[in-house]
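Coordinate inspection notes
Below are the chains, spelled out letter by letter.
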Amino acid sequence: MTRVVSIVSGKGGVGKTTFSTNLAISLAEKGERVALIDGDFSGANISRHFGLDASSATLNDVVKGNAYITQAVYRHKSGVSVLPADFEDYSLDSNHLKHAILDFLGQKDFVIIDSPPGANKPVQRALEASNEAIIVSRPMYPAVDNAILTKKLANKIGVEIKGVVLNQVFDDHLELRHDIVSEKIGEKIIGEVPHCDYIRESIAHGEPVLHHKPYSKAADSVEDVSHKLLGLEPPKRGPAERFKKSFLRFFD
Ligand SMILES: Nc1ncnc2c1ncn2[C@@H]1O[C@H](COP(=O)(O)OP(=O)(O)OP(=O)(O)O)[C@@H](O)[C@H]1O
Ligand SMILES: [Mg+2]
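Report on the accompanying structure. Each chain has its residues counted from 1, following the order in which its sequence is written. The order in which chains are written sets their letters, starting at A; the order in which ligands are written sets their numbers, starting at 1. Per-residue local features of the predicted model are confined to residues with pLDDT of at least 70, and side-chain atom pairs are confined, for both listing and counting, to 80 or more; whole-chain, interface and lining totals are unaffected and use all residues.

Details of the site of ligand 1
The cut-off we apply is this: Using a C-beta atom placed from the backbone, a residue is scored as near a molecule or strand whenever that atom is within 6 Å of it. The helix and strand labels rest on DSSP assignments: H or I over at least four residues marks a helix, E over at least two residues marks a strand, and numbering proceeds from the N terminus. Put simply, Ala, Val, Leu, Ile, Met, Phe, Trp, Tyr, Cys and Pro go in the nonpolar bin, Asp, Glu, Lys and Arg in the charged bin, and everything else, Gly too, in the polar bin.
Neighbouring residues of ligand 1: 21 residues in total, closest G12, G15, K16, T17 and T18. For the shell around ligand 1, the elements supplying multiple residues, two or more each, are α1 (16–28), β7 (160–169) and α9 (197–205). Along the lines of polarity and charge, the residues of the shell around ligand 1 split into seven nonpolar, eleven polar and three charged.

Some points on the pairing of strand β5 (residues 110–114)
Put simply, the test is: The burial criterion counts other C-beta atoms lying within 10 Å of a residue's C-beta, which is placed from the backbone; the residue is buried at 20 or more, exposed at 12 or fewer, and partly exposed between these limits. Two strands are counted as paired when DSSP detects at least two bridges linking them.
Taken across its five residues, β5 has five buried, putting it largely inside the fold. Pairing of strand β1 (residues 3–8) with β5, which is carried by five bridges, proceeds in the parallel orientation. Each residue of the ladder has a partner; that of I7, found in β5, is D114.

Remarks on the packing of α1 against helix α11 (residues 217–229)
Rule in force here: The axes used here are C-alpha line fits, helices contributing only the stretch in contact, and every angle between their N-to-C directions lies in the interval 0 to 180 degrees. Angle categories: roughly parallel below 35 degrees, roughly antiparallel above 145, roughly perpendicular from 65 to 115, and oblique for all the rest. Note on convention: near helix rotated counterclockwise from far helix by under a right angle means a left-handed crossing. Clockwise means right-handed. This entry defines residue contacts through backbone-placed C-beta atoms, with two residues in contact when those atoms are within 7 Å.
For the pair α1 and α11, interaxial distance at closest approach is 9 Å and the crossing angle is 60 degrees. When the axes of α1 and α11 are compared, the pair comes out oblique. Every pair of crossing elements has a handedness; the one defined by α1 and α11 is right-handed. Together, F19, N22, L23, S26 and L27 of α1 and V222, E223, V225 and S226 of α11 make up the contact between the two elements. Class assignment of the residues belonging to the contact of α1 with α11 gives a composition of five nonpolar, three polar and one charged.

Below is the structure:
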C-alpha cells in the first residue's frame, strides 16, 4: 500500500520544503519508490530546490490539459519522481491535489506531500489525502503554538501523526527544550535538524543537501528520520564514523 505522508507545520518558513525534498531522496536511496508532490499551490518552491526552471512542465499544465502527468514528473537522480507546481501561477486549488496523488497510488511506496503552512483549507485537503503526517517546527514558541493547531486539525481528520521534526535547531538557551516541545504538541520528536548554512547553500545550488553535502549533520538528521519511518534503527555513528565524516567534511 502506498504511504501518503504530508509534511505540515503551523508556521510558515520552518523548513517543510527543505525537509520534504531531502526526506524523499533519503527514502528513495533506501530502495523505496518515492513521489514528491508540491502541495503548496500559492507558494510552490519544490522546483527551485531541484534547480528546475520556469519552463519545466508542472502540475498546473497537467490540470489545464497542456501536459500529460508523465511530462510534468521530473525524475531526480536519486530515483524520486518529483511533481512540481508552478511558482508563477497560483490558479490551482487544493482540490487538484487528490487528482495528482491518484496517479501514484499503487505505483509508489511513498508519496510525500510538501504542504502549505497553517491549519487552513489547503492544509486540510493535504491531510485528507494522506494517511500519515509529520509536523515540522522550530523549537521556539510562535512555531510551536501554531503547530498545536495543525496537530488538532490532523487529529480531527484522523491522520496518523508520525511525530515532530525540529528544524533549524541552534541548541542554545533561547530555544525551548525538546521535551517541552514534545509535551506542548503532544507528539514525540522524531528528528532534530541543526541550523546549517549548507542548507542555504544547497538551495542556491538547486541541489538538496543530502546530495550537496551528504556528510553534513543536516543530512545525517534527515537520514535518521527516514530510518524511523521505515521502522529501522537509525545508524549508530561511532567515533570512527564521526572522524571519517569530519575528515570528508573538511575536504568538501
Ligand atoms: N536546517 C536549516 N538550517 C538553515 N537554514 C534552513 C534550514 N532549514 C531551512 N532553512 C532556510 O529556511 C528557508 C525556508 O525553508 P523552507 O522553504 O523549507 O520552509 P517552508 O516551511 O517550506 O516555508 P513555507 O511555509 O513558506 O512553505 C530556506 O530557504 C532555507 O534558507
Ligand atoms: Mg514550503
